[in-house]
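Examining the three-dimensional arrangement
Here are the chains, one letter per residue:
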Amino acid sequence: MEALLPSHKIVMLGESFDRESIRYALSWRHPPGALKDLPNLRVILSLGAGVDHLFSDHALPDRPIMRVVDPDLTNRMSEWVVMHALVHLRQLRRYERQQRERVWADDDQQPTASDIQIGVLGLGVMGKDAVVKLKALGFKVAAGARAQSHFPT
């Protein structure tokens, strides 16, 4: 499948292409070794939330690595964080177990979001978005980044 941009030809792994013509590689969990032997490769762009998947390739060329920042991906990832915070807060797993066992125990000890402190490590685009969403629900958030620590209340 070949796609054209105004000045760039895009090819997919598995297609026939001139390895010398590749300047940019966009990757999400490429097969190990797929990016080696690209003599004119300038940069590798990660299409996922992070870059860990790239480092599992022991033949990864020594090129700059960049992350693609996408508002939809940021939103979905921070929604995932919020979902798990709410699963924990509302003790969903316990209630699912009780439902399977056909037992319903009253619980007057349910905490509120403001009773719970959540730590967020990393304050990049996704970390900041998760902090904003968690705080909007009333959670206390402690966040830190490698460059500097932030402890919003």
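Description of the structure in this document.

Rules and cut-offs
- Residues numbered from 1 in each chain as written.
- Predicted model: local features only at pLDDT ≥ 70, side-chain atom pairs only at ≥ 80, totals over all residues.
- Heavy atoms only, no water.
- Pairing = 2+ DSSP bridges.
- Helix = DSSP H or I, 4+ residues; strand = E, 2+ residues; numbered from the N terminus.
- Axes fitted to C-alpha atoms, helices over the stretch in contact; angles between N-to-C directions.
- Buried < 20%, exposed > 50% of the residue type's maximum accessible area, 1.4 Å probe, protein only.
- Expected span 1.5 Å × (residues − 1).
- Salt bridge = Lys/Arg side-chain N within 4 Å of Asp/Glu carboxyl O.
- Core = buried A, V, L, I, M, F, W, Y, C linked by side-chain atoms within 4.5 Å.

1. Description of the sheet that holds strand E5 (residues 65–67)
Taken together, the three strands give an open sheet; going across it, the order is E3-E4-E5, and neighbouring strands pair in parallel fashion. Two strands in the sheet have a free side with no partner beyond their single neighbour: strand E3 (24–27) and E5. Here the average twist between neighbouring strands, direction ignored, is 25°.

2. Things to note about the pairing of strand E4 (residues 43–46)
The alternating pattern of E4 places Val 43 and Leu 45 on one face and Ile 44 and Ser 46 on the opposite face, and all of these are buried. One ladder, built from four bridges, connects E3 with E4; its direction is parallel. Residue pairing across strands places Ser 27 opposite Ser 46, the latter belonging to E4. Relative to E5, E4 is paired through three bridges, and the arrangement is parallel. Counterpart to Ile 44 in the pairing with E5 is Ile 65.

3. Comments concerning helix H2 (residues 71–89)
Compared with an ideal rise of 1.5 Å per residue, which puts 19 residues at 27 Å, H2 spans 27 Å between its outermost C-alpha atoms and is within 8% of the ideal. Residues of H2 that are buried: Thr 74, Ser 78, Val 82, Ala 85, Val 87 and Leu 89. Positive backbone phi, approximately 55°, marks Gln 91, located one or two places after H2.

4. What to know about the pattern of salt bridges
Applying the stated criterion across every chain yields a total of four salt bridges. Its salt-bridge partner being Lys 133, residue Asp 129 comes within 2.8 Å of it at the nearest N-O pair. Here Lys 133 and Asp 129 lie together in helix H4 (residues 125–136), a separation of four residues that amounts to about one turn. By relative accessible area, which is 23% here, Asp 129 ends up partly exposed. Residue class for Lys 133 comes out partly exposed when judged on its relative accessible area of 22%.

5. Remarks on the nonpolar core
Formed by 13 residues in total, the largest nonpolar core has its most connected members in Ile 118, Val 120, Val 131, Leu 134, Phe 139 and Val 141. Secondary-structure elements contributing two or more residues to this core are H2, strand E6 (117–121), H4 and strand E7 (140–144). Formed by eight residues, the second largest nonpolar core is a distinct cluster that contains Ile 22, Leu 35, Ile 44 and Leu 60.

6. Some points on unusual backbone geometry
Its identity is not glycine, yet Arg 29 carries a phi of approximately 60°, on the positive side. With respect to the helices, strands and loops of the structure, Arg 29 is situated in the loop between E3 and E4. Using a relative accessible area of 60% as the deciding quantity, one classes Arg 29 as exposed. With a phi angle near 60°, Arg 102 is a residue other than glycine that sits in the positive phi range. Within the element layout of this structure, Arg 102 appears in the loop between helix H3 (92–101) and E6. What makes Arg 102 exposed here is its relative accessible area of 79%.

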